[in-house]
Amino acid sequence: MNTLTLGASRVGYEVKTYFRQGDSVFFTFLFPVVMLSIFSVAFSESSFGPPGDEISAAAFYLPGMLAAGILLSGLQNLGVDIAMEKSDGTLKRFAGTPLPVVSYFIGKMGQVLVTGLMQAALLILVASVLFGVELPADPEKWLTFAWVFLLGVTTSAVLGIAVSGLPRSGKSATAVIIPIALVLQFISGVYLQFSMLPEWLQQVASVFPLKWMAQGMRSVFLPEAFEVLEQGESWNLAGVAIVCGIWLVVGLVLTRLTFRWIRKDS
Amino acid sequence: MTTEYVVQVEDLRKSYGAFTAVDGVTFDIRRGETFALLGPNGAGKSTTIEILEGYRDRTSGEVSVLGTDPGRGGLDWKAKLGIVLQSTGESGNVTVREQLAHFARFYPNPRDVDEVIAAVGLEEKQKTLIRKLSGGQRRRVDVALGIIGRPELLFLDEPTTGFDPEARRQFWELIRSLKAEGTSILLTTHYLDEAAQLGDRAGVIAGGRMVDIGAIDEIGGADARIPVVRWIENGVLREERTTTPGALVARLGEPDGLEVVRPSLEDIYLELVGEAGLAAAATDTVIEGAAL
Ligand SMILES: Nc1ncnc2c1ncn2[C@@H]1O[C@H](COP(=O)(O)OP(=O)(O)OP(=O)(O)O)[C@@H](O)[C@H]1O
Ligand SMILES: [Mg+2]
């Protein structure tokens, strides 16, 4: 067995156990769908955007929820999941087997990719079928969607592995990691319209990748007329690629330096 | 040397801060041998085992496991080990069979999953999620995962905790068949009958020190094995150690409560550990005296 085939078998195992864990299915998989539905119903009478180009609440919130899904499936899910596995002895058991660490990571990344894709598909489906959101017809938009999603989900997963070392115990994992994810969602234009935030808060959010993932998703799903609302009045896809790329590298380096199967002597 | 001995430990020490948990332990395990590490709670058994497994760093001393320093063991080295830890607590969202089939893939030459499931007696539970198993059944999964990779050297840290008597007998059979295949085993247990059944040699450790070490039927010395004759005389319990109990009994005739007892491993162990406790208490007093 080499590292890659073992990694592939880990993906199957990880996806299977993910869906058997009731709370992860609700809080990471279905959460964005639930939020999208709530916003769509609550603001069903309102319209969003510049006069003449108004869109429904569902259309307006879809990109943000897609970005939130990427963050939840990667950073939040893996951050909590791995911290739990550290404290409940799962990783200690692996440490005593010839399973390569890289195969374990492939399994986790694969789990995030598979569940993230299913989640995005479900979100788009619910938005278009239940709430009548018009989807882009231009294939180029879908190409943008593909790379923003892949880069976003990979970055988010790697950062999840990196932050899993923060909580001191499995019990505190949700208490440490969920607030990080929540604050990011609030300042990055997921729940609150980004252009309404004060300038300084926008600057702070721009340091983190979620703002850029949401922006990339807006460039795919919102009409052209919305572009002027962005920082610098541009979708700035190069910025999306650069900031996410930097965080991806930061996450990889942190993981390489800090990840251990176990804390020795504990 | 390295092929003859699967484990070599020389003057091993381990401190947690100011507290010394393992204090100069020395022992070897030959290939194919089952070595039982015995001792009271907190004696340092798990600490010693986990150092050999590569889980903990040692403070000092020499350790070699299958010719490798456990602190530096790679994946090839781990592929030759089987590990059953004292405690585990995974969430267990997979079935017994799924878990074993999955772990089997980690190893170059794994055992057959069905055989292993049968060997630990979980045929009827193989499609049950591990989290839905009883405590003893989960423990059997731990044992199954320890042997699935066909290890050369198997570490068993209190493997039968929570086993019912029948499961324990079945486990003994399993270990005997592993021994027959040539597997070397390091076992800790608080069941002295288990150690007597399975062990070739034993080491007794107390307070981090090796109190005695030797073949399972010689440990404690010949004197500790001298039979004891007990009887009641004028309402008082009397006992006498003698190498000729028959002669003594013949002389006594038919007193009340007559019995001849050959000390079990448990009796010998309790004596050894008791002596070690007394010795430790004595040194403590000396130290206290010195402080005054
Ligand atoms: N991580 C740790 N930090 C501090 N002290 C520790 C640690 N692990 C073990 N100890 C101490 O070291 C001593 C030996 O512990 P160990 O777990 O090796 O005992 P043991 O012989 O396996 O006991 P048991 O039969 O109860 O399993 C104990 O006094 C314990 O409190
Ligand atoms: Mg122990």
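What counts and how
- Residues numbered from 1 in each chain as written.
- Chains lettered and ligands numbered in written order.
- Predicted model: local features only at pLDDT ≥ 70, side-chain atom pairs only at ≥ 80, totals over all residues.
- Heavy atoms only, no water.
- UniProt positions renumbered as here; feature names shortened; annotations may be inferred.
- Axes fitted to C-alpha atoms, helices over the stretch in contact; angles between N-to-C directions.
- Helix = DSSP H or I, 4+ residues; strand = E, 2+ residues; numbered from the N terminus.
- Parallel < 35°, antiparallel > 145°, perpendicular 65-115°, else oblique.
- Left-handed = near helix turned anticlockwise from the far one by under 90°.
- Contact = heavy atoms within 4.5 Å.
- Near = heavy atom within 4 Å.
- Polar contact = N/O pair within 3.5 Å; in protein donor to acceptor, adjacent residues only side chain to side chain.
- Areas by Shrake-Rupley, 256 points an atom, 1.4 Å probe, with all protein chains shown as cover.
- Pairing = 2+ DSSP bridges.
- Donors = N, O, S within 2.8 Å, 3.2 Å for Na, K, Ca; no water.
- Buried < 20%, exposed > 50% of the residue type's maximum accessible area, 1.4 Å probe, protein only.
- 1 Å grid on protein atoms, 1.4 Å probe; cavity = no way out; pocket = protein on both sides within 12 Å on 5 of 7 lines; lining within 4 Å.
- Points joined across faces, edges and corners; volume = space filled by probe spheres on them.
- Nonpolar A, V, L, I, M, F, W, Y, C, P; charged D, E, K, R; others polar.
- Domains from an automatic or database assignment.
- Buried area = accessible area lost by both parts, 1.4 Å probe.
- Expected span 1.5 Å × (residues − 1).
- Arc of directions from axis to C-beta.

The name recorded for chain B in an unreviewed UniProt entry is ABC transporter ATP-binding protein, from Antiquaquibacter soli. Recorded in UniProt for chain B, the comment headed Subcellular location (unreviewed entry) runs: "Cell membrane".

The name an unreviewed UniProt entry assigns to chain A is ABC transporter permease, from the organism Antiquaquibacter soli. Turning to chain A, the UniProt annotation filed under Subcellular location (unreviewed entry) states: "Membrane".

Looking now at the packing of helix α5 (residues 101-130) of chain A against helix α6 (residues 139-163) of chain A. Residue and element names in this part refer to chain A. Contact pair α5 / α6: the axes reach a minimum separation of 10 Å and the direction vectors enclose 135 degrees. As summarised for this structure, α5 and α6 are arranged oblique, according to the angle between their axes. As α5 runs across α6, the sense of the crossing is right-handed. Taken together, the residues of α6 that come into contact with α5 (itself represented by Phe-105, Met-109, Val-112, Leu-113, Gly-116, Leu-117, Ala-120 and Ile-124) are Trp-142, Phe-145, Phe-149, Leu-150, Val-153, Thr-154, Ala-157, Val-158 and Ile-161.

Around ligand 1 there are 16 residues in total, and Gly42(B), Lys45(B), Ser46(B), Thr47(B) and His190(B) lie nearest to it. Of the chains in the model, those with residues near ligand 1 are chains A and B. Asn41(B) places a polar side-chain atom, nitrogen or oxygen, 3.0 Å from an oxygen atom of ligand 1. For ligand 1, the accessible surface in isolation is 640 Å², of which the surrounding protein chains cover 68%. Of all the secondary-structure elements, those providing two or more residues to the shell around ligand 1 are β2 (19-30) and α1 (45-52) of chain B. Top element by residues in the shell around ligand 1 is α1(B). It accounts for three residues.

Turning next to the sheet that holds strand β12 (residues 256-261) of chain B. All names here are of chain B. Read from one edge of the open sheet, three strands run β11-β10-β12, paired in antiparallel fashion. Looking at strand neighbours, the two that pair on one side only are β11 (236-241) and β12, the edges of this open sheet. Going across the sheet, the axis of each strand differs from the next one's by a mean of 15 degrees, ignoring polarity. Of the pairings in the sheet, the one linking strand β10 (residues 228-233) to β12 comprises four bridges and is antiparallel in character. Across the sheet, the residue bridging to Val-228 is Val-261, located in β12. Along the sheet, helix α8 (residues 245-252) makes contact with β10, β11 and β12, crossing β10 at roughly 15 degrees.

Bringing the coordination of the magnesium ion (ligand 2) into the picture now. Residue and element names in this part refer to chain B. Note on the magnesium ion (ligand 2): its protein donors are Ser-46 (OG) and Gln-86 (OE1). The metal-donor distances range over 1.9 to 2.1 Å. With a gap of 40 residues between them, Ser-46 in helix α1 and Gln-86 in the loop between β5 (81-84) and α3 (96-104) connect regions that are remote in the sequence. Ser-46 sits in the buried class, given a relative accessible area of 17%.

For the coordinates displayed, the defined rule picks out three cavities of 30 Å³ or more. A volume near 180 Å³ is recorded for the largest cavity. The wall of the largest cavity is formed by 16 residues, among which Phe60(A), Gln193(A), Phe194(A), Arg218(A) and Glu230(A) lie closest to the centre. With three residues, the top contributor of residues to the lining of the largest cavity is helix α3 (residues 57-88) of chain A. Class assignment for the residues of the lining of the largest cavity results in nine nonpolar, five polar and two charged. A volume near 100 Å³ is recorded for the second largest cavity. Along its surface, the second largest cavity is lined by 14 residues, and Arg93(A), Gly96(A), Thr97(A), Ile83(B) and Leu145(B) are the ones closest to its centre. Counting residues per element, the ones that place at least two in the lining of the second largest cavity are α4 (90-95) of chain A together with β5 and α5 (135-147) of chain B. Broken down by element, the residue count for the lining of the second largest cavity peaks at three residues, all from β5(B).

Another point: the domain arrangement of chain B. Residue and element names in this part refer to chain B. We note that the domain assignment places domain 1 (5-216) and domain 2 (223-291) within chain B. Here domain 1 and domain 2 have C-alpha centroids that lie 33 Å from each other. Across the boundary between the two partners, domain 1 contributes eleven residues, which contact seven residues of domain 2. In total, domain 1 and domain 2 occlude about 780 Å² of area from one another, counting both sides; carbon and sulfur atoms represent 79% of this.

Okay, helix α6 (residues 165-180) of chain B next. Residues and elements named next belong to chain B. The first and last C-alpha atoms of α6 sit 23 Å apart over 16 residues, in line with the 22 Å expected at 1.5 Å per residue. The complete set of buried residues in α6 reads Ala-167, Arg-168, Phe-171, Trp-172, Leu-174, Ile-175 and Leu-178. Buried residues in α6, looked at end-on, bunch into an arc of 160 degrees, giving them a common side. Turned more than 90 degrees from where α6 packs its buried face, Pro-165, Glu-166 and Ala-180 sit exposed. Check the buried side of α6 and you find it contacts α4 (113-119), α5, β6 (153-157), β7 (184-188) and α7 (192-198). For α6, the capping residue at the N-terminal end is Asp-164, with a side-chain oxygen 3.1 Å from the backbone nitrogen of Glu-166. Gly-182 sits one or two residues past α6 and shows a positive phi near 100 degrees.

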